[in-house]
Structure formats: structure tokens, C-alpha cells
Amino acid sequence: MRTTINTGLLLAVWLFMSSIAGKAQHSLINSVDQLNSYADEIQPLLNTMGDKIYFVRGHHKSNFGGRSDAGDAYFSEKTDSGTWTLPIPVSSKINNKYFNGILGIRGEELLLYGVYGSSSVPPGTKGISVVRKQGSNGITGEIKQVPIRYYKDGSELYGYSLSEDGNILLLSMESYKSQGAEDIYVSFWDDQSRYWTEPKNLGPIVNSAFQELSPSLTPDNKTLFFSSNGHGGFGSRDIFFTKRLDDSWTNWSPPQNMGAEVNTEGAEMYFQYYPQHQLAIYTS
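Notes on the structure in this doc start here.

### Focus: the sheet that holds strand E17 (residues 223-228)
Piece 1. The four strands are arranged E16-E17-E18-E19 in an open sheet whose pairing can be described as antiparallel. The open sheet is flanked by strand E16 (212-217) and strand E19 (256-257), the only strands paired with a single partner.

### Observations concerning the pairing of strand E3 (residues 40-46)
Piece 1. Within E3, seven of the seven residues are buried, leaving the element largely enclosed by the surrounding structure.
Piece 2. Relative to strand E4 (residues 52-58), E3 is paired through five bridges, and the arrangement is antiparallel. Paired with Leu 45 across the two strands is Tyr 54, which belongs to E4.
Piece 3. Count of turn residues in the E3/E4 antiparallel hairpin: five residues, of which Gly 50 carries a positive phi of about 80°.

### Observations regarding unusual backbone geometry
Piece 1. A positive phi angle, near 60°, is found at His 59, a position not held by glycine.
Piece 2. Checked against the element boundaries, His 59 lands in the loop between E4 and strand E5 (72-77).
Piece 3. Even without glycine at this site, Lys 177 takes up a positive phi of about 65°.
Piece 4. Residue placement: Lys 177 occurs in the loop between strand E12 (168-173) and strand E13 (183-190).

### Here we look at the side chain of Lys 126
Piece 1. Within the secondary structure, Lys 126 is located in the loop between strand E8 (109-113) and strand E9 (128-134).
Piece 2. Here Asp 153 takes part through its side chain, which lies 2.8 Å from a polar atom of the side chain of Lys 126.
Piece 3. At 2.8 Å, the side chain of Lys 126 and the backbone oxygen of Leu 157 are in polar contact.
Piece 4. Contacts of Lys 126, omitting those with residues within four sequence positions, involve Val 115, Tyr 151, Asp 153, Ser 155, Glu 156, Leu 157, Tyr 158 and Tyr 160.

### Concerning the layout of surface pockets
By rolling a water-sized probe across the atoms, one finds the places where empty space is left.
Piece 1. Size it by volume and the largest pocket reaches roughly 520 Å³.
Piece 2. Lining the largest pocket are 31 residues, with Leu 45, Leu 46, Leu 162, Glu 164 and Tyr 274 sitting closest to its centre.
Piece 3. Of all the secondary-structure elements, those providing two or more residues to the lining of the largest pocket are E3, strand E7 (102-106), strand E11 (160-162), E16 and strand E20 (269-274).
Piece 4. Sort the elements by how many residues they give to the lining of the largest pocket and E7 lands first, with five residues.

### Topic: the sheet that holds strand E6 (residues 88-89)
The strands making up a sheet associate through backbone hydrogen bonding, with each pair oriented either parallel or antiparallel.
Piece 1. An order of E3-E4-E5-E6 is seen for the four strands of this open sheet, with the pairing classed as antiparallel. Unpaired on one side and paired on the other, E3 and E6 mark the two borders of the sheet.
Piece 2. Taken together, the two bridges between E5 and E6 define a ladder with antiparallel strand orientation. In the sheet register, Phe 75 faces E6, and the bridge partner there is Ile 88.

### Some remarks on the pairing of E13
Piece 1. Burial runs high along E13: six of the eight residues are buried.
Piece 2. Both E12 and E13 contribute to a ladder of six bridges, which runs antiparallel. Among the inter-strand pairings, Met 173 is bridged to a residue of E13, identified as Asp 183.
Piece 3. In terms of strand pairing, E13 meets strand E15 (residues 200-201) through two bridges, oriented antiparallel. Note on E15: the bridge partner recorded for Val 186 is Lys 200.
Piece 4. Counted between consecutive antiparallel strands, the loop separating E13 from strand E14 (residues 195-196) contains four residues, among which Arg 194 sits at a positive phi close to 65°.

Rules of the game
- Residues numbered from 1 in each chain as written.
- Predicted model: local features only at pLDDT ≥ 70, side-chain atom pairs only at ≥ 80, totals over all residues.
- Heavy atoms only, no water.
- Pairing = 2+ DSSP bridges.
- Helix = DSSP H or I, 4+ residues; strand = E, 2+ residues; numbered from the N terminus.
- Buried < 20%, exposed > 50% of the residue type's maximum accessible area, 1.4 Å probe, protein only.
- Polar contact = N/O pair within 3.5 Å; in protein donor to acceptor, adjacent residues only side chain to side chain.
- Contact = heavy atoms within 4.5 Å.
- 1 Å grid on protein atoms, 1.4 Å probe; cavity = no way out; pocket = protein on both sides within 12 Å on 5 of 7 lines; lining within 4 Å.
- Points joined across faces, edges and corners; volume = space filled by probe spheres on them.

See below:
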């Protein structure tokens, strides 16, 4: 189930967050017009230093496949004055005519949306791949598919994110045991076998009969942000947060709306919170 929306990136600086359960107050910082365009800017990801942002730009004339291309990976770097450079496409090794983006950074590796083709899997197939990075924008080595056990995703949307420690993968998808449309699942990295475990549905406290999308975790892996049109709210999709109450990954506090300072009558998605930089990035 997909709703077409025009989205742009927003940056917010967090002035007070003694507890995420408290009201999160923020104000927009500097202009991000240089990051946004007539096309869709979605799925933002900040690097560890906070000076480089990756995101997906859909249906832009500069994409590998032109305006018909659903998404290419771009990046922008923060200048000494605090502004952001004009975005440029990430290596052509990553961008092709299919949906491309960077979902996470683990050490010297970039985790990518999609499969880039093999003897058994055609390029553009949904899934996850990995490639080594080098320097500012260098890509080394071969792009390889990373298996996910018993993986099935019937959604048209990509909504995956990687925990800060690189061991937890959150996926929003239509799959086994979905409550309705897209649900949020969790998968864990098995370093010995080198695959992601079978995705586990987070259960009916988080997931509704409608869409739960674009999940992300705080660095302590205890608070989940996600976008939904199944928990009420201000617009077509709002951003919510919930706290994990135990290690089952199915026991959560009731989702709370982030409020009118974040959510609008439109659609808010892809909320990423970086407490070390007192910064949040999302799309609206």
C-alpha cells in the first residue's frame, strides 16, 4: 500500500529532552533548502561525526535513470559555517536504475537497500547488500547480498534501519504475521553465520491494521521511533515513539505522538534522533 507524497528533509535541534517520555521541544535550524529539491528527499542518515548526511532522492533528473528512477543515494557535507553543501550522487557503483539508498553504516561498511544481482537473484530484488567504503566517497570491493532468514516483503516501500551498534535491523514491511499493511519487524545479526535472523513482528502494541513505517532506534536500543497512520494523529502519517519494556521485543509502552511541533497535516516519516549531536532529522 503506497501513498505518493512529495517530501523534503528537515533538521531539528533538540533544546530539551530529559526524557523521551517528556515533551520533545525543538526548533528548525538553518535553511535546508540546499538539501531539498522538487523531487522526493527521504530516508536520511547521519554519519558518526555528524558532518555528512546520506539520503535517497527519488524521481530527480540527475538520478541514474532520470526522473523515472524511484531513488538514488546522495550525500551532502557540513561546512565550517554550519551549512550543507549541495547534494551529489554517491558512487555510480551504488546507484543504478533501481531503488538505491544507504540504510546504515557499520564500521567500514555501508549497508544498502536492494540486491545488486547474482547468479540466482536478479538486480533490483528487495533485500540488503553491503559494500566497503573508503575515504570521503570511495567505494571498494564488490557489492554483496546479505541474507535475511525467511525474508519476505510485499510492500512497495523500503523502511529499514540499522541500530548504532550495527547488530539490530528494523524493517517495516508486509510479511508473515503482519497485523494489516506494513508492520515493523526486528532482526539480529548472527556474526558466526554471517546472516540476519528471521524477522520478528513487534506485536500489536506497535503494529496496527494500517501502516507502520520507517522505524529507528535510539543509541541505547530502548526507544523506537516510527511513522504510522494507524494510531490517530494530526495528518496522513505521524511520527510516534514507544519504549521497549523487556527483551522480548514484543512488549512496548503505548505509542505516543511526537506532537504538533513535529507532525503536521501532511506525512512525517524517517525520524532519526542523534543525541550526541542534539539533532533529529526527518522528512515531511
